[in-house]
Structure formats: C-alpha cells, structure tokens
There are 2 protein chains.
Amino acid sequence: MRTAAIVGTGRIGRSIGTALRARGVATYLLDIDAEAVRVAQELGAGTAQPPPRPVDIAVLAVPPEQVARVLAVQQKQGLARCYTDTAGVKVRPQRQIEASGCDLTSLVGGHPLVTDDHDGPPAARAELFEGRPWVLTPTGLTSDAALNASLELVSLCGAVPVLADHAAHDRTMALVSHTPRLIATLLASRLRHADNATLRLAGQGVRDMTRAAGGNPALWTDILTANAQPVAEVLDALAADISSAATILRRRADHASGPSEDGEVAGERPGEALARLLELGIKGRNRLPSGT
Amino acid sequence: MRTAAIVGTGRIGRSIGTALRARGVATYLLDIDAEAVRVAQELGAGTAQPPPRPVDIAVLAVPPEQVARVLAVQQKQGLARCYTDTAGVKVRPQRQIEASGCDLTSLVGGHPLVTDDHDGPPAARAELFEGRPWVLTPTGLTSDAALNASLELVSLCGAVPVLADHAAHDRTMALVSHTPRLIATLLASRLRHADNATLRLAGQGVRDMTRAAGGNPALWTDILTANAQPVAEVLDALAADISSAATILRRRADHASGPSEDGEVAGERPGEALARLLELGIKGRNRLPSGT
C-alpha cells in the first residue's frame, strides 16, 4: 500500500491518516469542509493536495447515513481501487449501498472500535487503534484484492482484524455498546428529579454507570437510528428482566412483612431468586475479556 | 468522646475503630466471632478487652437485618450512653427497632457512604470516610446528647454529616445506588448469551457499566431485600422509560424505511424524540456534583 485517501476528516479519519503517514503511506485528505481539511493537514493527518486517481484504498470516515452516497460519488470519480468505511453500524448502510448500484467487489465494510474519548481533545492520534479490534465485513462479492487492502490498512493502524457479517456486527454492537449507552442516558435522566441532598450521596458507582450519557447527542442519534431494530430488541429483553427483578423485590417485601400460612408460593423463596439474579450478573461480567 | 464500642468488626467497623483510635478515643471491639475481634485488634482497630460500661457511644456495624436484635441486647446490657448503626438501609431496621421496644432516645441511625471497594483489600482504613457523606437519621425522640455524640463520631472520622429522615434516605439510595447496582447486574447477565467474537468488541463503556455487578451477592441480597419497595419503584419507572425508548427506536426504524403518506404520527419526528431523550440524560448527568 503506497497511497490512501481519507474521505471525511473527523477524529477517526484524521487518526487513520496520521497512522498511515507514520507507516510511509502517502495520504490524501478529502472533506466537503475545506477548513476541516486544512486543520487535518496541520495536525499531520495527510495532505490537502488532490490525490492521484486511483489511490490504493479510500477510507470513507463519514457518518453511517452518508456512506452510500459518498461511496457512489467517489466510485463514479474513480477515486480508489478499493473502498472501506468506518461506520459503527453496518446493515443499513449496506442496504443503501446495494440500492444505489455501487460496485460491491471493491468494497469491504469496516468498523474500528476505539475507546470512547468523551473528554479528550479531538486531536489525530495514530495510537487510537493500537491493539483494538477493527471489524471487517466482506460479502460473497468482495474481491480478494479489496479484502487484502483492508487487512493491510488494519495492520498498518496496529489494530486486530475481526471478520463478521453485517447483521452479527449490528446485534453485537447493540448488546455491548448501543444499549448500555442508552441505559446510561435513562439512568442519568432519572437523576433530574432527585433533590440536591440526594445527589450528595451519589458515589462512584452511579458516576461510572452514567458516564456514557455525556456523549455527543447528534452522533448518538445517528448511531441509534441506524441500528434501531437490534437495539430495540435488547431494550425489550432488558425491560422484561427489570420487571422480573421488581416482581422478585415486591415478593421479598411481602415475604419480609410476614409469610402467610397458605399464601406462600411453592419452591424458590424470593431471597434465593434475588441471590441467583446477582450470581448471573457476576457470570456475565466474568465473560468480558480482561484488560481494555 | 473518650470511649467507644464497635459491635461488628467487618470492614466498616474496623475502619471506624481505626479512625477513632487515631483521634485518641479508647475503642473496644465486640463481635460474635472471637477470631474476627482478634484480627481487628491486630489491624489496630481497637482492643479486644471488655469495655467499661457504659461507653460514650456504641457503633453497631452489623448487617441491616441484625441492627434491631443487636441494639436490644446491648441496651439491655447497658453497653453505651448512645447508639448509632451503619446500615445502608434505614426504614426497615427502624421499624424492627420500634417493634422490639428499644430505647429510642439514645439512638441515631447512621450510614457512612464509602466508596465501593470491590477489589481492594479488606483492611481497616481510617481514611475510608475522609470527606465522604455520612447520613444521620435522628427522630423526634432522639436526645440532643445522642445526636451530638453521633455528630462527634462523624467529625472524628473526617466525614461530612448529612441529616435526613429514614424514608428520604432509602428513596435516595434506591435512586443513586441500589437500582444502578441492580441494572449493572441485569446488563451483565445479558452478556452471558453473547458469543466470544461479540465479547471481543466490548469496550470501556460496558466495562464501566457492569463493574458494580462484581459486588458480594450475599451483602447485596441483604441490602436489596431491606430496601425492596423503593428499589422496585425506581425499577418500574426505568422499565417504562426503556419501553418508551424501544418504541421511539421502532418508529424510527419504520420511518427510515420510508414514511407512509397518511401513517405518519403528527408532531415530533422519531429522530427528534431520540435526540431529546439523549439531551435529558446529559442534564441528569450534569446534576451529579463534581469530584468523588
């Protein structure tokens, strides 16, 4: 890989550009916002000069809703031999890409998973991808050349490639990212009605659990919208779990105020049901791989 | 304050003992487990020798379910002039105390809020309470002498006293501690069904949000049982919020696949409803006081 184009010079695009330049790849920056390109060039993410066409790979670092349109435009202009994107949702952009008649052989969907950096500076950071998973979603139509170019891109950025299909990726992200993020928002929303004396008692636990609520609403509206159905399914399952937990607690409250002679439910006592619930949480938590 | 008795030499009891000794108070350790007393003495939390009766204050550092029984026993034996406890739930122990005919004038309910220390060593740490809130729940029957002794205890431990009534305390803890902790468990439980490829994509966000699920199940079964009704109420509200969010996402998914001519709901579009939800989360999050 000798040449790359970065289309979209936000944090992810700039960071990929910086990583590629550090590995000797000539990197060309494109953005509808000329000022954004100028800033990215100053940050060392690549050059604002027009790219030689075709470059070896074009990375479309644009929001999920814009991937299909930008791909159609750039393929028409012959920007690159291969294309990949960085959208955090894959099914819907893929459908839009298929509907817009793009060439599918030169395309590999991509999603670099970087640490959410709510408070950090928006600088370009080559090490953003170091050791992190980077999902690639080739289809049956993807050419070997396109897949190999994407794998090389991931490798040059120091990330670990993870092959997945679009739907599995989106269900996974709903479970481990999008739903937890929305739950952080809903937990945080409940705090609006607390009085100040209440909030003095808030500790590190609720701080940890609502941190993600601080993210950019426009960005997250896009992501949640693009992955609406899988997230709604996890939310439904979680709402059912929460209602079950509330039922167990109510039975426990009744039980504690004195079990009736014949009103007792046969089998498990509420205290045992609660303990079992907490044990399941520990089992789930322990499945997370250690480290970041 | 010259003399204090610590009844229950777990982490909280030992840490209070250590803090009091550092301020020159003669501290006597009691526990049904003689070995626990010996260990606490070795850790510097006080002496295993029998206390002179009455001591100035007795701190009942026992689980919520045992506060009433232990108070009745110790008051009968004339252990102290004043009594306080450290239970994380206040309404139910108070009811049990009233039912068991204890002297209420010498009693002030207490709850030191310490940072959850899931992974830390169970050592006695005098600084555990430094700058942290310590709730006191005097009633109309509490004597000035008892309240002042409790305030002095809090001050000697370096904590910040927060006066509250029992019910307000329990509602507050349900909102800022017990419910978030249970949500961490339920989120973590959902991960049990994820495949390993999925879990490789889990990042810091879901790690933060499930950290509390690692806590001691026996301890948390006690706490959640003791505060069952207020927690169930917050869970119900949250389950309703989650179902609303799922409905908004489903409308958004339908909307995105092409709005019908006359099937459109008048007023707010789903994308706007979602953005509004996320903004409410930021507002709630911003209400948390800064720092720990």
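Residues numbered from 1 in each chain as written. Chains lettered and ligands numbered in written order. Predicted model: local features only at pLDDT ≥ 70, side-chain atom pairs only at ≥ 80, totals over all residues. Heavy atoms only, no water.

- In the nomenclature of an unreviewed UniProt entry, chain A corresponds to Prephenate dehydrogenase/arogenate dehydrogenase family protein from the organism Streptomyces parvus.

### Describing empty space enclosed by the protein
Residues and elements named next belong to chain B.
And step 1. Applying the stated criterion to the full structure yields 5 cavities of 30 Å³ or more.
And step 2. Computed from the structure, the largest cavity encloses a volume of approximately 50 Å³.
And step 3. Listed by contribution, the elements that provide at least two residues to the lining of the largest cavity are α4 (91-99) and β5 (107-112).
And step 4. Looking at the lining of the largest cavity element by element, the count peaks at 3 residues for α4.
And step 5. Split into classes, the residues belonging to the lining of the largest cavity amount to 4 nonpolar, 4 polar and 2 charged. (1 Å grid on protein atoms, 1.4 Å probe; cavity = no way out; pocket = protein on both sides within 12 Å on 5 of 7 lines; lining within 4 Å. Points joined across faces, edges and corners; volume = space filled by probe spheres on them. Helix = DSSP H or I, 4+ residues; strand = E, 2+ residues; numbered from the N terminus. Nonpolar A, V, L, I, M, F, W, Y, C, P; charged D, E, K, R; others polar.)

### Thoughts on the sheet that holds strand β1 (residues 3-7) of chain B
Residues and elements named next belong to chain B.
And step 1. With mixed pairing, the 7 strands of this open sheet are ordered in space as β2-β1-β3-β4-β5-β6-β7. Across the chains shown, the open sheet's two edge strands, defined by having one partner strand only, are β2 (26-30) and β7 (160-163). Averaged over all neighbouring strand pairs, the angle between strand axes comes to 25°, with direction disregarded.
And step 2. Helix α1 (residues 11-22) rests against β1, β2, β3 (55-60), β5 and β6 (133-137) of the sheet, and its axis sits at about 165° to β1. (Pairing = 2+ DSSP bridges. Axes fitted to C-alpha atoms, helices over the stretch in contact; angles between N-to-C directions. Contact = heavy atoms within 4.5 Å.)

### Here we look at helix α9 (residues 217-226) of chain A
Residue and element names in this part refer to chain A.
And step 1. With 7 of 10 residues buried, α9 lies mostly within the body of the structure.
And step 2. Among the residues making up α9, those that are buried are Pro217, Trp220, Thr221, Ile223, Leu224, Thr225 and Ala226.
And step 3. If you check the start of α9, you find a side-chain oxygen 2.9 Å away from the backbone N of Ala218, and it comes from Asn216. (Buried < 20%, exposed > 50% of the residue type's maximum accessible area, 1.4 Å probe, protein only. Polar contact = N/O pair within 3.5 Å; in protein donor to acceptor, adjacent residues only side chain to side chain.)

### Considerations on the environment of Arg181 of chain B
And step 1. You can see Arg181 of chain B is positioned in helix α6 (residues 166-190).
And step 2. Arg181 of chain B sits in the buried class, given a relative accessible area of 4%.
And step 3. Beyond its immediate stretch of four places on either side in the chain, Arg181 of chain B contacts Leu278 of chain A together with Ala212, Ala213, Gly215 and Trp220 of chain B.

### Observations regarding the domain arrangement of chain A
Frequently, the measure chosen for interface size is the accessible area removed from exposure when the parts meet.
All names here are of chain A.
And step 1. Per the domain assignment, the segments of chain A are domain 1 (3-164) and domain 2 (169-286).
And step 2. The gap between the C-alpha centroids of domain 1 and domain 2 is 36 Å.
And step 3. With 12 residues of domain 1 at the interface, the matching set in domain 2 holds 12 residues.
And step 4. Both faces considered, domain 1 and domain 2 share a buried interface measuring about 1000 Å² in area, 69% of it formed by carbon and sulfur atoms.
And step 5. Run the count over domain 1 and domain 2 and you get 0 salt bridges.
And step 6. The interface formed by domain 1 and domain 2 includes 3 residue pairs in polar contact (both at pLDDT 80 or more).
And step 7. Of the residues that constitute the side of domain 1 that touches domain 2, the class distribution is 6 nonpolar, 3 polar and 3 charged. (Domains from an automatic or database assignment. Buried area = accessible area lost by both parts, 1.4 Å probe. Salt bridge = Lys/Arg side-chain N within 4 Å of Asp/Glu carboxyl O.)

### Notes on the relation of the copies chain B and chain A
The relation between the two copies of this chain is a rotation about an axis and a shift parallel to it.
And step 1. Once chain B is rotated about the relating axis by 180° and shifted along it by 0.0 Å, it coincides with chain A to within an RMSD of 0.0 Å. Accordingly, the operation relating the two chain copies is best matched by a two-fold axis.
And step 2. A share of 100% of interface residues in chain B that are also interface residues in chain A marks the association as one of identical surfaces. (Least-squares fit on C-alpha atoms with pLDDT ≥ 70 in both.)

### Side note on the pairing of β3 of chain B
All names here are of chain B.
And step 1. Most of β3 sits inside the fold, with 5 of its 6 residues counted as buried.
And step 2. Pairing geometry for β1 and β3, over 4 bridges, is parallel. Looking across to β3, one finds that Ala5 is bridged to Ala58.
And step 3. Across 5 bridges, the pairing between β3 and strand β4 (residues 80-85) is parallel. Its bridge partner being in β4, Val59 is matched across the sheet by Thr84.
And step 4. Note on the crossover from β3 through helix α3 (residues 67-76) to β4: the handedness is right-handed. (Right-handed = clockwise from strand over helix to strand, strands pointing away.)

### Section: the side chain of Thr86 of chain A
And step 1. Structurally, Thr86 of chain A can be placed in the loop between β4 (80-85) and α4 (91-99).
And step 2. Look past the residues within four positions of Thr86 of chain A in its chain and what remains in contact with it is Ile12, Ile16, Val59, Leu60, Ala61, Val62, Gly110, His111 and Pro112 of chain A.

### Regarding the interface of chain B and chain A
And step 1. Contacts between the two partners involve 90 residues from chain B, matched on the other side by 90 residues from chain A.
And step 2. We note a salt bridge from Asp241 of chain A to Arg190 of chain B, for which the minimum N-O separation is 3.0 Å.
And step 3. Remark: the boundary between chain B and chain A carries 20 residue pairs in polar contact (both at pLDDT 80 or more).
And step 4. Counting residues per element, the side of chain B that touches chain A draws most heavily on helix α10 (residues 228-256) of chain B, at 21 residues.
And step 5. Looking at the side of chain B that touches chain A residue by residue, the classes come out as 49 nonpolar, 22 polar and 19 charged.

### Re the pattern of salt bridges
And step 1. This model, assessed by the stated rule, comprises 18 salt bridges over all chains.
And step 2. Between Glu65 of chain B and Arg92 of chain B there is a salt bridge, with its nearest N and O atoms 2.7 Å apart. Highlighted residues: Glu65 of chain B in the loop between β3 and α3 and Arg92 of chain B in helix α4, separated in sequence by 27 residues.
And step 3. Overall, the relative accessible area of 36% leaves Glu65 of chain B in the partly exposed class.
And step 4. Shared partners join several salt bridges into a network, and the residues in it are Asp208 and Arg211 of chain A together with Asp208 and Arg211 of chain B.

### Points about the state of the cysteines
All names here are of chain A.
And step 1. Applying the stated criterion across every chain yields a total of 0 disulfides over all chains.
And step 2. A disulfide-free cysteine, Cys102 has its sulfur positioned 15 Å from the sulfur of Cys82, the nearest such atom.
And step 3. The exposure class of Cys102 is buried, given its relative accessible area of 12%. (Disulfide = S-S within 2.5 Å.)

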